[in-house]
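# Examining the three-dimensional arrangement
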Amino acid sequence: MATVAMVSTKFSLIPENSQSAAGQHQVPPAAFPQAAVPVLSAIPVVLAIIAWCYSIENLAMSTTPGRFTVGHITAGLAAICTSLIALVLTILRQVQNTYGQRDRIMWPWLVIAMGSFSLIWGIVVLVFDNRSCLTPGFVMIGLGLVCFSILSKVGLLALVWRRTFSLASRVPLIPILTALACLFLAAFVFQVAVVAARVLVGLGAICFSLYSIVSILESGTSSSG
């Protein structure tokens, strides 16, 4: 998230670059130095790899409920880190004016894959695992909803880049819907999994907080569409 904040410091360049002619990819003078681009791109990638390795290590040795829980929750967090790769590279490439058609397709689908992966895995854990702990499954579902909140930002930037998207003002509704989903799920499971319910409330608060960011993005990019 710190890397997202760093690359967003030059967000004002995105509407300007988006108004350029199609196929024009000249890096603006005010963009990041070329030496900084690979560093900023590598930070979320390295952190996501660390999270996946930590998750796989705990799942491979899930002989105790603690390791089982940590392994699954870390997998959900790794999915979020992987989704943030898409957000960082989307913002960075649009700031550098190197965003292309392949980026428009690849990064939103990466986030969709991570969100779906976490949601489905959480449901599978709840349905097929015979342990008494319900926390990992419900928390992974909540983390999948956070991924879909991130999708609202990645998708919005892709949809309004050098084109008009009439429903751009509706995209900020996605984090509101995911926040409500987390809160309704928390209320539903409160009696059977208190810890999971409390975590879901926190994840719902994160989703709702992302609404303000998406709204700022929508306002900042509306001039280009």
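See the structure printed just above.
Below is a short write-up of the structure. (Residues numbered from 1 in each chain as written. Predicted model: local features only at pLDDT ≥ 70, side-chain atom pairs only at ≥ 80, totals over all residues. Heavy atoms only, no water.)

## Here's the deal with the overall build of the protein chain
Assigned secondary structure in the protein chain consists of 8 helices and 0 strands. Going from the N terminus to the C terminus, the protein chain shows its helices and strands as α-α-α-α-α-α-α-α. For the protein chain, whose C-alpha radius of gyration is 19 Å, the value lies close to the compact-globule estimate of 17 Å for 225 residues. Principal-axis analysis of the C-alpha atoms gives the protein chain an extent of 60 × 35 × 25 Å. Total accessible area computed for the protein chain in this model is approximately 10800 Å², and 72% of it derives from carbon and sulfur atoms. Counting 11 positive and 5 negative side-chain charges, the protein chain places the averaged centre of each group 3 Å from the other. (Helix = DSSP H or I, 4+ residues; strand = E, 2+ residues; numbered from the N terminus. Rg over C-alpha atoms; globule rule 2.2 N^0.38 Å. Areas by Shrake-Rupley, 256 points an atom, 1.4 Å probe, with all protein chains shown as cover. Lys, Arg positive; Asp, Glu negative; His and termini not counted. Charge placed at Lys NZ, Arg CZ, Asp CG, Glu CD.)

## Re the packing of helix α4 (residues 65-95) against helix α5 (residues 101-128)
Their axes nearest at 9 Å, the elements α4 and α5 cross at an angle of 165 degrees. Taken together, the axes of α4 and α5 lie roughly antiparallel to each other. With respect to the hand of their crossing, α4 and α5 are arranged in left-handed fashion. Along the contact surface, α4 presents F68, H72, A75, G76, A79, T82, S83, A86, L89, T90 and R93, while α5 presents D103, W107, L110, V111, M114, S118, W121 and V125. Split into classes, the residues belonging to the contact of α4 with α5 amount to 11 nonpolar, 6 polar and 2 charged. (Axes fitted to C-alpha atoms, helices over the stretch in contact; angles between N-to-C directions. Parallel < 35°, antiparallel > 145°, perpendicular 65-115°, else oblique. Left-handed = near helix turned anticlockwise from the far one by under 90°. Contact = heavy atoms within 4.5 Å. Nonpolar A, V, L, I, M, F, W, Y, C, P; charged D, E, K, R; others polar.)

## Here's the deal with a nonpolar patch on the surface
Residues L173, L177, L180, L183, F184 and V201 make up a contiguous nonpolar surface patch of roughly 580 Å² in combined accessible area. Sorting elements by how many residues they give to the nonpolar patch places helix α7 (residues 173-189) first, with 5 residues. Topologically, L173 is positioned in helix α7. According to the relative accessible area criterion, L173 is partly exposed, its value standing at 44%. (Patch = residues over 30% accessible without salt bridge, like charges linked within 9 Å, V, L, I, M, F, W, Y side chains within 5 Å. Salt bridge = Lys/Arg side-chain N within 4 Å of Asp/Glu carboxyl O. Buried < 20%, exposed > 50% of the residue type's maximum accessible area, 1.4 Å probe, protein only.)

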